[in-house]
Amino acid sequence: MFAGAVGGVTGSCYHLTFDGTSLVIDCGTFQGGQIADELNRRPWPFDPTRVTAVVLTHGHLDHCGRVPLLGDNGFDGPVWGHSATLDIATLIMEDTAKIAAHSPGPPIYDRAAVERIRGRMKRHPGYGKRQDIGPFTVELFDAGHILGSSHVRVSWDDGGERAILFSGDIGVVGSPIIRDPTSTWAPEAAVDWVVTESTYGNRNHPDRAAARDTFRDVIQRALLDGGKVLIPAFAIGRTQEILFELDQMIQAGEVGRIPVVVDGPLSLSATEVYRRHKGCYDEAAHEQLARGDHPLDMDSFMGARDGRQSSRVSDLRGAAIIIAGSGMCNGGRIRRHLAENLDDPRTDVVLVGYQGARTLGRALEDGAKEVWIDNRQVPVQARVTRISGFSAHADQDGLATWYSTLPRKAGGTTFVTHGEDESRDVYARLLRDRFGATTAIPQLDDVVTLA
Ligand SMILES: [Zn+2]
């Protein structure tokens, strides 16, 4: 059953049943306005008390955010994932409970719910390893999207091996710190069915070098005019990659020294998790470590963990880079920085991630001249720059290349999910035309029989 991330990029959730055992692959939060709120609180389309286990592809909110709610509604099994994924998911769930406690209305879940789930987390043995869960075997492959991110292959014996691969979010080849998405597969990894994301199924990113050039220009302009550079960024993944890029530019003397502030306890804690899980690093990051230079350390870095430190960021005079969540500006400390600085023409807003429909980030991306932030009308005088070359999601070419490497058995279907409908349509057509794939574009709560 497709219980989320169909016709949009949030709320990922798949329910897979065989022989009395059922797995939930991802159980993420829907994001973007009132409709998302209702979807998050709607009754489950399957019975949570009969879910054997949850398996997570990665720790982003839209993939793990509703697991504690599933627990509150009767799920009492284990939650499996790569060890880094579980560390990140814990931070995300704690953050969700904290935000809920300070928001009007009934909280979606509380800290105690998160603690109960935390106590049931089980570390998968890791990439390329197998873990049996009832009649299922679950294998993880590096998805190159964020630390710990995985493609999840689930197989079972139904008069012969049957297998389905959940792509999770597919990363970009050449992203810093972490390794690339898996591109070499053993023939035994062949699958009958594929569930693939399609966030950028209808377009390509400019390359990373062009993204760096644009980014450098924005920073140089800020240094000249003394304006702030506001970067709404996912606390996890994007923040660390932006820090890495800034460190490289400052070290290489491409830009002058500029204070870099990461505002938000989640981003700072996630950076700590990134520092810790060196086993997930790519070769270049390992070489840098071997030279005694940690890829996530920089001199002009300031962290604002608590609210008092965060208010002091507002008092900073002159040019500064402020990185804060949330990535789509629909929550988090970035909103205050936007409210304080959007009316200043010296301000730059740099959008480095995907901006979902009906979010403040999308409004800025679309060139809104005026936005509402927490009941305040704010004129937009700032320059808004979209840099998609830093995306954590493969673009159309990246998705197609990834798909081309995947060993597929004859006869199965590829389900195109995790994209807005136009992306899904375009990408599904590409898969049919280029690879002769049989594709399907599922709708919410669609059930298919895999046989
Ligand atoms: Zn993600």
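Residues numbered from 1 in each chain as written. Predicted model: local features only at pLDDT ≥ 70, side-chain atom pairs only at ≥ 80, totals over all residues. Heavy atoms only, no water.

S.K.: Help me understand the domain arrangement of the protein chain in this model?
M.R.: Interface size is commonly expressed as the accessible area that is lost once the parts come together. Entries for the protein chain in the domain assignment read domain 1 (13-203 + 392-440) and domain 2 (208-390). Averaged C-alpha coordinates put domain 1 and domain 2 at centres separated by 27 Å. Residue-level contacts link 27 residues of domain 1 with 33 residues of domain 2. Among the residues domain 1 hides against domain 2, the three largest losses belong to L147, P176 and I177. Together they make up 26% of the total. Along the contact surface separating domain 1 from domain 2 lie two salt bridges. Linking domain 1 to domain 2 there are ten residue pairs in polar contact (both at pLDDT 80 or more). Per-element accounting of the side of domain 1 that touches domain 2 gives the leading share, eight residues, to helix 4 (residues 83-101). (Domains from an automatic or database assignment. Contact = heavy atoms within 4.5 Å. Buried area = accessible area lost by both parts, 1.4 Å probe. Salt bridge = Lys/Arg side-chain N within 4 Å of Asp/Glu carboxyl O. Polar contact = N/O pair within 3.5 Å; in protein donor to acceptor, adjacent residues only side chain to side chain. Helix = DSSP H or I, 4+ residues; strand = E, 2+ residues; numbered from the N terminus.)

S.K.: In this structure, what is going on with unusual backbone geometry? I would like to understand it.
M.R.: Each neighbour pair has its own omega, and for G325 with S326 the value is 0°, a cis peptide bond. Here S326 shows up in the loop between strand 14 (320-324) and helix 11 (334-341). One non-glycine residue, D26, adopts positive backbone phi at about 65°. In this structure, D26 sits in strand 2 (residues 21-27). A positive phi angle, close to 65°, is found at C329, a residue other than glycine. Tracing the backbone through its elements, the reader meets C329 in the loop between strand 14 and helix 11.

S.K.: Looking at this structure, how should I read the coordination of the zinc ion?
M.R.: Ideal coordination angles are 109.5 degrees for a metal with four donors arranged tetrahedrally and 90 or 180 degrees for a metal with six donors arranged octahedrally. Bound to the zinc ion on the protein side are H58 (NE2), H60 (ND1), H145 (NE2) and D169 (OD), at distances that span 2.2 to 2.3 Å. For the zinc ion, the four donor atoms in the first shell make angles of 91 to 169° at the metal, a pattern classed as irregular. We note that the donor set of the zinc ion lies within a single chain, spaced as H-x1-H-x84-H-x23-D. With H58 in the loop between strand 3 (53-55) and helix 2 (61-64) and H145 in the loop between strand 7 (136-142) and strand 8 (150-157), this residue pair connects regions lying 87 residues apart in the sequence. (Donors = N, O, S within 2.8 Å, 3.2 Å for Na, K, Ca; no water. Tetrahedral: all angles 85-135°; square planar, octahedral: opposite > 155°, others 65-115°.)

S.K.: I would appreciate a short explanation of the packing of aromatic side chains in the present structure.
M.R.: Where two aromatic rings form a pair, the distance of their centres and the angle of their planes describe that pair. A full pass over the atoms with the stated rule returns 13 aromatic pairs. Judged by centre distance (5.6 Å) and plane angle (80°), the ring pair of F215 and F390 falls under edge-to-face. Here F390 lies in the loop between strand 18 (383-386) and helix 13 (396-405) and F215 lies in helix 6 (residues 208-225), a separation of 175 residues in the sequence. You can call F215 buried: its relative accessible area is 0%. Assessed through its relative accessible area of 1%, F390 is described here as buried. (Phe/Tyr/Trp six-rings, centres within 6.5 Å; stacked < 30°, edge-to-face > 60°. Buried < 20%, exposed > 50% of the residue type's maximum accessible area, 1.4 Å probe, protein only.)

S.K.: So what exactly am I meant to see when it comes to helix 13 here?
M.R.: An α-helical turn contains 3.6 residues, so any two residues separated by three or four positions project in the same direction. Of all the residues in helix 13, the buried ones are Q396, L399, A400, W402 and Y403. Buried positions in helix 13, seen along its axis, are confined to an arc of 160° and lie on one side of it. If you follow the buried residues of helix 13, they end up packed against strand 8, strand 9 (161-166), strand 10 (193-196), strand 19 (413-416) and helix 14 (421-435). (Arc of directions from axis to C-beta.)

S.K.: Got a minute to help me understand the environment of T57 in this structure?
M.R.: Along the chain, T57 turns up in the loop between strand 3 and helix 2. Distance from T57 to G168, taken between C-alpha atoms, is 5.3 Å for residues 111 residues apart in sequence. Beyond its immediate chain neighbours, meaning those up to four positions away, T57 contacts I25, D26, H63, T85, G148, S149, S150, V152 and G168. At 2.7 Å, the side chain of T57 and the side chain of D26 are in polar contact.

S.K.: It is not clear to me how the nonpolar core should be interpreted in this structure. Could you clarify?
M.R.: The tendency in soluble globular proteins is for nonpolar side chains to be buried side by side. F215, I231 and I323 are the most contacted members of the largest nonpolar core, which has 72 residues in total. Top element by residues in this core is helix 4. It accounts for nine residues. The two domains that each donate at least three residues to this core are domain 1 (13-203 + 392-440) and domain 2 (208-390). When neighbours within four sequence positions are excluded, F215 is seen to be in contact with I231, I242, L246, M249, V350, I387 and F390. Counting 24 residues, the second-largest nonpolar core is a separate cluster that includes V6, L16, I133 and V138. (Core = buried A, V, L, I, M, F, W, Y, C linked by side-chain atoms within 4.5 Å.)

S.K.: Would you mind showing me how to read the pairing of strand 15 (residues 348-351) here?
M.R.: The alternating pattern of strand 15 places D348 and V350 and V349 and L351 on opposite faces, both of which are buried. As paired elements, strand 11 (residues 228-232) and strand 15 share two bridges and run parallel to each other. Note that in strand 15 the partner of V229 across the bridge is D348. The sheet contact formed by strand 15 and strand 18 spans four bridges and is parallel. Pairing of D348 across the sheet is with R383, part of strand 18. (Pairing = 2+ DSSP bridges.)

S.K.: Please explain the pairing of strand 19 as it appears in this structure.
M.R.: On any regular strand, side chains alternate: one points to one face of the sheet, the next to the other face. Burial of the side chains of strand 19 extends over both faces: T413 and F415 are buried on one face and T414 and V416 on the other. One ladder, built from three bridges, connects strand 10 with strand 19; its direction is parallel. Across the sheet, V195 pairs through a bridge with F415, a residue of strand 19. Summarising the sheet, strand 19 and strand 20 (residues 438-440) pair through three bridges and their orientation is parallel. Opposite T413, over in strand 20, you have T438 as the bridge partner.

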